[in-house]
Amino acid sequence: MEDYRKFRPAYRARRLRNSEALRSMLKETRLNMEQFIVPAFVRYGSRVTEPIPSMPGINRYSVDRIGKYASGLADLGILSIMLFGIPDLKDSIGSQAYAKDGIVPRAIRAVKDAVPQMVVMADVCMCEYTDHGHCGILDGKRVDNDKTLEVLARCAVQYADSGVDVVAPSAMMDGQVGAIRAALDETGHADTVIMGYSAKYASAMYGPFRDAAGSAPSFGDRKTYQMNTANAREALREIELDVQEGADIVMVKPALAYLDVISQARRRFNMPIAAYNVSGEYAMVKAAGMNKWINEERVVIEILTAIKRAGADLILTYHAEEVARSLRGR
Ligand code: PBG
Ligand code: ZN
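Attention in this report is confined to the structure presented alongside it.

Cut-off values and rules
Residues numbered from 1 in each chain as written. Chains lettered and ligands numbered in written order. Predicted model: local features only at pLDDT ≥ 70, side-chain atom pairs only at ≥ 80, totals over all residues. Heavy atoms only, no water. Axes fitted to C-alpha atoms, helices over the stretch in contact; angles between N-to-C directions. Helix = DSSP H or I, 4+ residues; strand = E, 2+ residues; numbered from the N terminus. Parallel < 35°, antiparallel > 145°, perpendicular 65-115°, else oblique. Left-handed = near helix turned anticlockwise from the far one by under 90°. Contact = heavy atoms within 4.5 Å. Nonpolar A, V, L, I, M, F, W, Y, C, P; charged D, E, K, R; others polar. 1 Å grid on protein atoms, 1.4 Å probe; cavity = no way out; pocket = protein on both sides within 12 Å on 5 of 7 lines; lining within 4 Å. Points joined across faces, edges and corners; volume = space filled by probe spheres on them.

## Some details on the packing of helix α8 (residues 233-245) against helix α9 (residues 259-268)
Moving on, step 1. The contact between α8 and α9 brings their axes to 10 Å, and the two run at 45 degrees. Here α8 is positioned oblique relative to α9, judged by the angle of their axes. Our pair here, α8 against α9, has a crossing hand that is right-handed. Contacts between α8 and α9 involve A235, L236 and I239 on the former and, on the latter, V261, Q264, A265 and R268.
Moving on, step 2. In terms of residue class, the contact of α8 with α9 is built from five nonpolar, one polar and one charged.

Written as structure tokens, this is what we have:
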């Protein structure tokens, strides 16, 4: 039993971990602020900064405050914001989603006025605007795909008219990217970018977002349009369709439980890939961090690095501002 003493590993992986400098030089995945997109909730009223209880650190802002918020993000090196509107009026057809002076068009103009260089994105969906909370127009209890395409296209054109750089359809209707591309092209918006929520799962991780936006469905669930959480091959089909329909950027959502999907999409498509680190993922980390059950700052960096390592070029995350502050403080 002396043999083990003679064994000398030829390769010693630990050699390259011996100092902070070596570890730092050999780091394969780096986070930088250019790749973060900050989701932001915009509401009616004036001088309102309203905390969202299930998303500690995140607020709803009134239109008069969103420009200031965006310029603060820009000062931290953040290049992009994704706007979500909370209207003061909901109806069965979600008419406030595409109203000319609706909440999102006003927020787009406010951000563009305050920070012209910022890449302004707008989520395109009906669930924040419908009184039933579903992502489209109902026919009885079912969401009517093709009727919904018309209203999604109207939203996209309205946001483009208001100066948005990127529209991001998230309703999971078949053909939504193609319908929006055609409508934008017809209305002189050939340069407006489309980021498809291509592989969006019917996840249980959107709860805090639905609190924030008041967009939970009043009956049923979203399983007839959002994807089954068990499916990965189907995600690749969804992404492929969005690419064929003219998406410029494709997204996987949520991020953390779907790193395999991000990784496969990275290998399969030569497209920019975004990943959405969603509200429930954020809330879980915040809750554990507030209880001191985890070292929150380290966990956040570990999670975001993992999303990037899996293959995401862009990351939508509610952690962006705090990460920017801590990277800056270093
Ligand atoms: C709208 C939309 C949702 C999210 C982004 N766009 C909610 C949903 O599909 O129910 C979720 C984002 C998050 O949880 O952070 N369809
Ligand atoms: Zn929706």
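## Focus on the layout of surface pockets
Unfilled space is identified by rolling a water-sized probe across the atoms.
Moving on, step 1. Within this model, the largest pocket holds a volume of roughly 440 Å³.
Moving on, step 2. K27, T29, R30, I301 and T305 are the residues nearest the centre of the largest pocket, which is lined by 14 residues in total.
Moving on, step 3. At the level of secondary structure, the elements contributing two or more residues to the lining of the largest pocket comprise α2 (20-25) and α11 (296-310).
Moving on, step 4. Broken down by class, the residue content of the lining of the largest pocket amounts to three nonpolar, three polar and eight charged.
Moving on, step 5. Put simply, the second largest pocket is a space of about 190 Å³.
Moving on, step 6. Lining the second largest pocket are R142, V143, N145, M172, M173, D174, T224, Y225, Q226, M227, E234 and E238.
Moving on, step 7. Looking at the lining of the second largest pocket, the elements that each hand over two or more residues are β7 (142-143) and α8.
Moving on, step 8. For the lining of the second largest pocket, the class distribution of residues is five nonpolar, three polar and four charged.

So yeah, pure geometry; function would need other evidence.
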